[in-house]
Amino acid sequence: MSIYLPVAEMTVSLFTILGLGAAVGFISGLFGIGGGFLMTPLLIFLGIPPAVAVATQTAQIVASSTTSGLAALRRRAIDLKLGGVLVAGGLVGTALGVWLFAAARRAGQLDLLIVVSYVTLFTVVGSLMLRESIREFLQSRKGKPRPRRRAGEHPAYLGLPLRMRFPRSKLYVSVIPLWGIAMFIGFAGAMLGIGGGFILVPALLYMFKVPTNIVVGTSQFQILCTTLAALVLHAVANQAVDLVLALMLIVGGVFGAQFGARASANLRADVFRFLLALLILGVGLRFAVELVVQPDELFSLSITQVGAEAVE
Amino acid sequence: MIRSLALLPALLPALLLVLASAVLGTGARAESLVTSLSSHQVAITSNYTGSQVVLFGAVRRDAQTISRTGPYQAAVIVRGPMQTVTVRLREERGFLWINGEQQKFANVPAFYAALTSAPLDEIAAPALRDRLAVGLDGLGRDIGDTVARGGREATFREALVRLKRRLGLYVESDRGVTFMTPEIFRSAIVLPADSPPGNYEVEVMLFADGSLLAVDRTNFELVKIGFEQRITALAENQSLVYGLGTAGTAIFLGWLASVVFRRD
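What counts, and where the lines are drawn
- Residues numbered from 1 in each chain as written.
- Chains lettered and ligands numbered in written order.
- Predicted model: local features only at pLDDT ≥ 70, side-chain atom pairs only at ≥ 80, totals over all residues.
- Heavy atoms only, no water.
- Helix = DSSP H or I, 4+ residues; strand = E, 2+ residues; numbered from the N terminus.
- Buried < 20%, exposed > 50% of the residue type's maximum accessible area, 1.4 Å probe, protein only.
- Contact = heavy atoms within 4.5 Å.
- Areas by Shrake-Rupley, 256 points an atom, 1.4 Å probe, with all protein chains shown as cover.
- Axes fitted to C-alpha atoms, helices over the stretch in contact; angles between N-to-C directions.
- Parallel < 35°, antiparallel > 145°, perpendicular 65-115°, else oblique.
- Left-handed = near helix turned anticlockwise from the far one by under 90°.
- 1 Å grid on protein atoms, 1.4 Å probe; cavity = no way out; pocket = protein on both sides within 12 Å on 5 of 7 lines; lining within 4 Å.
- Points joined across faces, edges and corners; volume = space filled by probe spheres on them.
- Nonpolar A, V, L, I, M, F, W, Y, C, P; charged D, E, K, R; others polar.
- Patch = residues over 30% accessible without salt bridge, like charges linked within 9 Å, V, L, I, M, F, W, Y side chains within 5 Å.
- Salt bridge = Lys/Arg side-chain N within 4 Å of Asp/Glu carboxyl O.
- Pairing = 2+ DSSP bridges.
- Phe/Tyr/Trp six-rings, centres within 6.5 Å; stacked < 30°, edge-to-face > 60°.
- Lys NZ or Arg CZ within 6 Å of the ring centre and 35° of its normal.

In this section: the overall build of chain A. Along its length, chain A carries 10 helices and 5 strands. Looking at chain A residue by residue over its 312 residues, the buried ones come to 52%. For chain A, long-range pairs separated by at least 24 residues make up 78% of all intrachain contacts whose partners lie at least 6 apart in sequence. When the accessible surface of chain A is totalled, it reaches about 13700 Å², and 67% of it is carbon and sulfur.

Moving on to the packing of helix α9 (residues 243–264) of chain A against helix α7 (residues 239–260) of chain B. Where α9(A) contacts α7(B), the axes come no closer than 11 Å and their chain directions differ by 15 degrees. Judged by the angle between their axes, α9(A) and α7(B) are roughly parallel. When you trace α9(A) past α7(B), the crossing you get is right-handed. Where α9(A) abuts α7(B), its residues Leu243(A), Leu247(A), Ile250(A) and Val254(A) lie against Tyr242(B), Thr246(B), Thr249(B), Ala250(B), Leu253(B) and Ala257(B).

This part takes up empty space enclosed by the protein. Sizing a probe to match a water molecule and rolling it over the atoms shows the empty space that remains. Residues and elements named next belong to chain A. This structure, assessed with the given rule, holds 2 cavities of 30 Å³ or more. Each pocket or cavity is described by its volume, and for the largest cavity that value is around 120 Å³. Residue lining of the largest cavity: 19 residues in total, with Ile 33, Gly 34, Gly 197, Gln 220 and Ile 223 positioned closest to the centre. Of all the secondary structure elements, the ones that give two or more residues to the lining of the largest cavity are α2 (36–45), α3 (50–74), α7 (197–207) and α8 (212–237). Considering each element in turn, the lining of the largest cavity owes the most residues, 4 residues, to α8. Lining the second largest cavity are Thr 94, Ile 185, Gly 186, Gly 189, Ala 190, Ile 194, Gly 195, Thr 226, Thr 227 and Ala 230. For the lining of the second largest cavity, the elements supplying multiple residues, two or more each, are α6 (175–192) and α8. No other element matches the 4 residues that α6 contributes to the lining of the second largest cavity. Broken down by class, the residue content of the lining of the second largest cavity amounts to 4 nonpolar, 6 polar and no charged.

Residues and elements named next belong to chain A. Together, Ile 134, Phe 137, Leu 138, Val 271, Phe 274, Leu 275 and Leu 278 line one region of the surface with nonpolar side chains, adding up to about 550 Å² of accessible area. Elements that contribute at least two residues to the nonpolar patch include exactly α5 (110–142) and α10 (269–292). Here Phe 274 lies in helix α10. Under the relative-accessibility criterion, Phe 274 is labelled partly exposed at 33%.

All names here are of chain B. Judged by pairing direction, the sheet is antiparallel, and its 4 strands sit side by side in the order β1-β3-β10-β9 without closing on themselves. Only two strands of the sheet have a single partner each, and these edge strands are β1 (32–37) and β9 (177–181). Each adjacent strand pair in this sheet contributes to an overall mean axis angle of 25 degrees, direction not counted. Where β1 lies against strand β3 (residues 51–60), 6 bridges are found, and the strand directions are antiparallel. For Val 34, the partnering residue across the bridge sits in β3 and is Ala 58.

What follows is about the packing of aromatic side chains. Residue and element names in this part refer to chain A. If you walk through the whole model with that rule in mind, you get 13 aromatic pairs over all chains. Seen in terms of ring centroids, Tyr 118 and Phe 287 are 4.7 Å apart; in terms of plane orientation they differ by 15 degrees. Their pairing is stacked. Of the two residues, Tyr 118 is situated in helix α5 and Phe 287 in helix α10; the sequence distance between them amounts to 169 residues. Both residues of the pair, Tyr 118 and Phe 287, count as buried. Feature note: the residues Phe 37, Phe 45, Tyr 118, Phe 122, Phe 198 and Phe 287 constitute an aromatic cluster, connected by ring pairs. The lysine or arginine in question, Lys 81, covers the ring of Phe 166, its NZ or CZ lying 5.6 Å from the ring centre. It is Arg 165 that lies over the ring of Tyr 172; its NZ or CZ is 4.1 Å from the centre.

Below, the structure is given as structure tokens:
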């Protein structure tokens, strides 16, 4: 069954989109992440204009982070003060991201910007996670798990000025590095159609030593607020949000995520981190292939403007 | 008498006009074309997968029309809404393939179909064909470019036509027009799902013995209606309301999912 996307101005198969939404939702439920980093590239590979893919995917992330954010709120697993500080930084990044997105679109270099950003971000993050997960695996075989937190040990960036106390997370850290990381994630999220949970969660966990039971909920809270802003800004600045596509992605994602969350109970934590690292690295490499391999067709078309341009 | 003679210079042009039309009227009068489209408004609905518009044409002759030795032939040219298109060439820089040289074409029809009843060289003499610029070759030459670069733009123009053709947006067919009787023909204009909304100009040309006899123009519009139209209008004209509405819908569905699938 085909369905017309009014903003993308193209027809897609309803079952393909619902199926993709469910598959990505399953993976996101399995790993407890948003899944935007898989969905946006898949939409682009399906032929949906990159601008529409990125902008519309933010709506799906809003829905999925609302669901998991509410669940975390019920379990009282959110540090609202820490979340608020992160959101403040994240919103600045989001605004910058949407602005750069619109500028690149006007210059006709948006596709390239998206591909290059995916390649760098995903290969770097994927390799780091893979290295970490292999090291962890080797150490656990030797039988001595690494201590998560040693007394009196603090990296220098936590001691920068503007220190703030976060009682819920048992933290006393400078807000500058928090703002920095939140800003970067807001920026990348708006530009790439991702929530950024797969970067924010490990960053809060390893760099700031936020307790494990609080980290996911707090990150979902930050992602909900920044993608909400990204969605509205994309709608205003780029007019690329397709409501029909968004509804299909949300519905597919909701069902997939339920099954994924159930399946995750049977997955060991170290295997889980290893698979996630492979997945992220895989997406990065898939985009790298695009850049490195000689394309079959050297020319590409893009419609710069509807209507003929007045030539001076 | 003298007075009426004085009026003569003033009346002369009108007199000549009547005389001329009388002479032409009794002489060889060419055929005229009557055409009709199956619809003038094609609606894009939620399950739109492309559409088809059928053109019917009849050759009108009267007692004075001279007889032709060969059969009538017809060409139907359809031009979709105009676009500005940038064609980019991927170039190898180091070991990366990135967009390099580019060429902007400011006057490109989004959709173009050249449908004829026989191969073009059988329908029209070469000189006439060149002048009318019918068909994709003609269109390629016709597309204006913003920056000419001494012959280099030709490869970009060819690429534009090739890529549009691959998308099914540029079509050329010498079996696109069928004569049902020697004087009545039909032509099916197939619009792929990707053809954008807008005005589509249809030009119908009648040929016989290698020369052009008559031209008729008509048009149809491809429009979004109902829900699709309202969504687009809202997204374009009231983008803040649309953005907030989409955000609200997403939050509502997210909340609904958390209630329906509550696990704790």
